[in-house]
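What the coordinates show
Here are the chains, one letter per residue:
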Amino acid sequence: MFADRFTHLGGFSEQEFRRSLGECRSFEDVRWAGYWAAFADEQLIRADAALAQLGGPCAARLFTDAVPAALGELLAPAVTLLADRGPVADPAAVQRFCAEHPESADAATALDALIKAMVYEFVAAWPGGSPARLRAYERSHRLCEVLLCALAPAMGVSVEVAHIPVGGGERVRGMLVLPMDAAAPVPAVLVSNGLEGTIAEVLLPLLARRDIGIGMFVMEMPGTYSYTAPLTAAAEGVYSAVLDHLAADPRIDAERLGMMGFSFGAYWSARMAAVDPRLRVAVSNGPLTHRSFGRANAIGMPEIMVSALSATLGATGVADLSRKLSKLSLAQHYRDIDIPLLVINGAHDTLADTRDSIELAAGAPDAHLVLYAGDDHCAMGHAEHWAALSARFLADHLGVRTPAGVAR
């Protein structure tokens with residue numbers, strides 16, 4: 001499951017990535033981050049060579065300067081490698097593209113190398129919370145912003161970096177993707193990742209669904225990465241503030257808002273569905289809602305995940321973590337979710353308790369449950385299927401006609 005999320009995003013060979021993972025001998029902050037940053041640096045060298053052939057900027061400039069105006073034009077011939085990669089990026093896509101479009105091979109190589117550098121920095125940053133990891137996170141986030149902003153016109157969308165103040169000195173750093181030149185306000189979906197996920201991990205796969213006529217605002221969960229305060233139930237106000245921001249945007253139809261969450265982010269999509277009347281539809285993939293917060297669920301959970309949970313919630317120990325998690329239980333709110341809710345998970349979730357998905361769907365009056373046999377947390381092995389299913393579900397309930405390219 002750990003390897004899949006990165007191979008799917010980066011288009012890495014699973015065999016090569018697992019070999020590299022097996023050769024990493026330390027999880028200590030500097031050594032872990034440095035090990036994976038070296039792979040990122042190799043990709044940046046590869047990108048530099050291709051960019052030089054194109055007459056473009058060196059990769060180092062992408063971390064320090066404003067996005068070079070020419071970057072998008074130089075990479076645009078290969079934009080499909082970013083825009084259409086979907087939930088599971090094909091490791092052979094670049095080679096195949098270069099064979100079919102040899103005149104754009106340098107653009108493809110540069111773009112692929114920059115995406116892979118971004119993902120390797122994400123690996124270096126995982127699961128956050130320590131100095132070297134947070135430096136890697138900032139580099140990964142910067143590459144994500146640069147590539148998406150530079151290539152937005154070629155993808156036929158607008159991409160905006162947003163910094164939304166939410167009180168207490170905190171701000172939500174997110175990315176808003178809207179259809180370009182829409183004739184009328186469009187529906188929009190707030191998308192949240194979970195415990196140690198990034199904007200890129202969610203947004204890059206969603207780009208393949210950019211033509212369905214729905215805007216997306218993608219953010220990271222409070223308590224992680226760029227936030228300073230720990231996660232509490234008060235994060236409900238953070239998500240509410242983001243919905244305020246979206247509802248106030250004249251390009252967005254405030255009467256057609258939805259929310260989608262993954263892992264711990266799925267907790268928040270379910271919770272906000274129960275408490276915020278502005279939402280018309282929600283998708284929760286791999287939710288932790290009640291049983292996953294019990295002490296028994298921590299037995300067998302990898303120590304690094306317990307540590308990440310503790311850091312996110314500001315817990316001082318296992319007992320304190322259990323107390324903090326128990327305060328987040330959603331069991332009493334299931335019946336309050338009166339909008340269409342799609343609940344997705346693997347039937348054999350080893351990270352969260354699958355019964356949370358089942359009981360959430362059973363308790364919410366208008367819920368639909370999809371469990372994938374033999375799959376694990378968030379059903380990563382069936383990502384292509386549930387991505388199309390989620391897009392269709394959101395479009396149907398936000399009043400958007402599903403384009404022919406979206407499977408029904």
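Structure's up top.
All of these numbers come straight from a predicted model, not from anything done at the bench.

Thresholds, definitions, all that
Residues numbered from 1 in each chain as written. Predicted model: local features only at pLDDT ≥ 70, side-chain atom pairs only at ≥ 80, totals over all residues. Heavy atoms only, no water. Axes fitted to C-alpha atoms, helices over the stretch in contact; angles between N-to-C directions. Helix = DSSP H or I, 4+ residues; strand = E, 2+ residues; numbered from the N terminus. Parallel < 35°, antiparallel > 145°, perpendicular 65-115°, else oblique. Left-handed = near helix turned anticlockwise from the far one by under 90°. Contact = heavy atoms within 4.5 Å. Nonpolar A, V, L, I, M, F, W, Y, C, P; charged D, E, K, R; others polar. Pairing = 2+ DSSP bridges. Right-handed = clockwise from strand over helix to strand, strands pointing away. Expected span 1.5 Å × (residues − 1). Buried < 20%, exposed > 50% of the residue type's maximum accessible area, 1.4 Å probe, protein only. Salt bridge = Lys/Arg side-chain N within 4 Å of Asp/Glu carboxyl O. Patch = residues over 30% accessible without salt bridge, like charges linked within 9 Å, V, L, I, M, F, W, Y side chains within 5 Å. Areas by Shrake-Rupley, 256 points an atom, 1.4 Å probe, with all protein chains shown as cover. Phe/Tyr/Trp six-rings, centres within 6.5 Å; stacked < 30°, edge-to-face > 60°. Core = buried A, V, L, I, M, F, W, Y, C linked by side-chain atoms within 4.5 Å.

Once that is clear, we can look at the packing of helix α6 (residues 93-100) against helix α7 (residues 105-125). Contact geometry for α6 and α7: axes closest at 9 Å, N-to-C directions at 165 degrees. Between α6 and α7, the angle is such that the two are roughly antiparallel. The handedness of the crossing between α6 and α7 comes out as right-handed. Taken together, the residues of α7 that come into contact with α6 (itself represented by Val94, Phe97 and Cys98) are Ala105, Ala108 and Asp112. Here the contact of α6 with α7 is built from residues that sort into 5 nonpolar, no polar and 1 charged.

Let us now look at the pairing of strand β5 (residues 252-262). Summarising the sheet, strand β3 (residues 186-192) and β5 pair through 6 bridges and their orientation is parallel. Within β5, the position partnered with Ala188 by the bridge is Leu257. As paired strands, β5 and strand β6 (residues 279-285) are joined by 6 bridges and run parallel to one another. Within β6, the residue paired with Leu257 across the bridge is Leu279. Following the backbone out of β5, through helix α11 (residues 264-275) and into the adjacent parallel β6, one traces a crossover that is right-handed.

Let us look at helix α10 (residues 235-247). Over its 13 residues, α10 extends 18 Å from the first C-alpha to the last, a length consistent with the 18 Å expected when each residue adds 1.5 Å. Here α10 has its buried residues at Ala235, Val238, Tyr239, Ala241, Val242, Leu243 and Leu246.

Next up on the list: the pattern of salt bridges. Under the definition given, this model contains 21 salt bridges. Across the pair Asp112 and Arg46 runs a salt bridge, and its minimum N-O distance is 2.9 Å. Taken together, the residues Asp112 in helix α7 and Arg46 in helix α3 (residues 29-54) connect sequence positions 66 residues apart. On the basis of relative accessible area, Asp112 is assigned to the buried category, the value being 7%. Residue classification places Arg46 among the partly exposed residues on the basis of a relative accessible area of 29%. Of the charged contacts in the structure, one is a salt bridge between Asp276 and Arg278, with a shortest N-O distance of 2.9 Å. Each of the salt bridges in this network shares a partner with another, and the network as a whole consists of Asp4, Glu14 and Arg18.

All right, on to a nonpolar patch on the surface then. Together, Ile358, Leu369 and Leu371 make up a nonpolar patch on the protein surface, roughly 210 Å² of accessible area in all. Tracing the backbone shows Leu369 in strand β8 (residues 367-372).

Let us look at the sheet that holds strand β4 (residues 215-219). Reading across from one edge, β1-β2-β4-β3-β5-β6-β7-β8 is the order of the 8 strands in this open sheet, with mixed pairing throughout. One side of each edge strand has no neighbouring strand; the edge strands of this open sheet are β1 (157-167) and β8. On average, adjacent strands in this sheet sit at an angle of 20 degrees to one another, irrespective of strand direction. Taken together, the 6 bridges between strand β7 (residues 341-346) and β8 define a ladder with parallel strand orientation. By the bridge assignment, Gly346 is partnered in β8 with Tyr372. Sheet strands touched by α11: β3, β5 and β6. Its angle to β5, the strand with the most contacts, is close to 140 degrees. Most of the contacts of helix α14 (residues 354-363) go to β7, to which it runs at about 160 degrees, and overall it touches β6, β7 and β8.

Cis geometry is found at the peptide bond from Trp126 to Pro127, where omega equals -5 degrees. Secondary-structure assignment places Pro127 in the loop between α7 and α8 (131-155). Its identity is not glycine, yet Cys378 carries a phi of approximately 65 degrees, on the positive side. Here Cys378 shows up in the loop between β8 and α15 (383-397).

To continue, consider the packing of aromatic side chains. Summed over all chains, the structure comprises 20 aromatic pairs. With a centroid separation of 5.0 Å and an interplanar angle of 90 degrees, the aromatic rings of Tyr35 and Trp36 are classed as edge-to-face. The exposure class of Tyr35 is partly exposed, given its relative accessible area of 21%. For Trp36, a relative accessible area of 0% translates into the label buried. On the numbers, 5.3 Å between centres and 25 degrees between planes, the contact of Phe39 with Tyr120 is stacked. Highlighted residues: Phe39 in helix α3 and Tyr120 in helix α7, separated in sequence by 81 residues.

Here we come to the nonpolar core. The biggest cluster of nonpolar side chains holds 145 residues, and the ones touching the most others in it are Leu148, Phe217 and Phe264. Here this core takes 15 residues from α7, the largest share from any one element.

Limitation: the analysis is restricted to geometry and does not speak to function.
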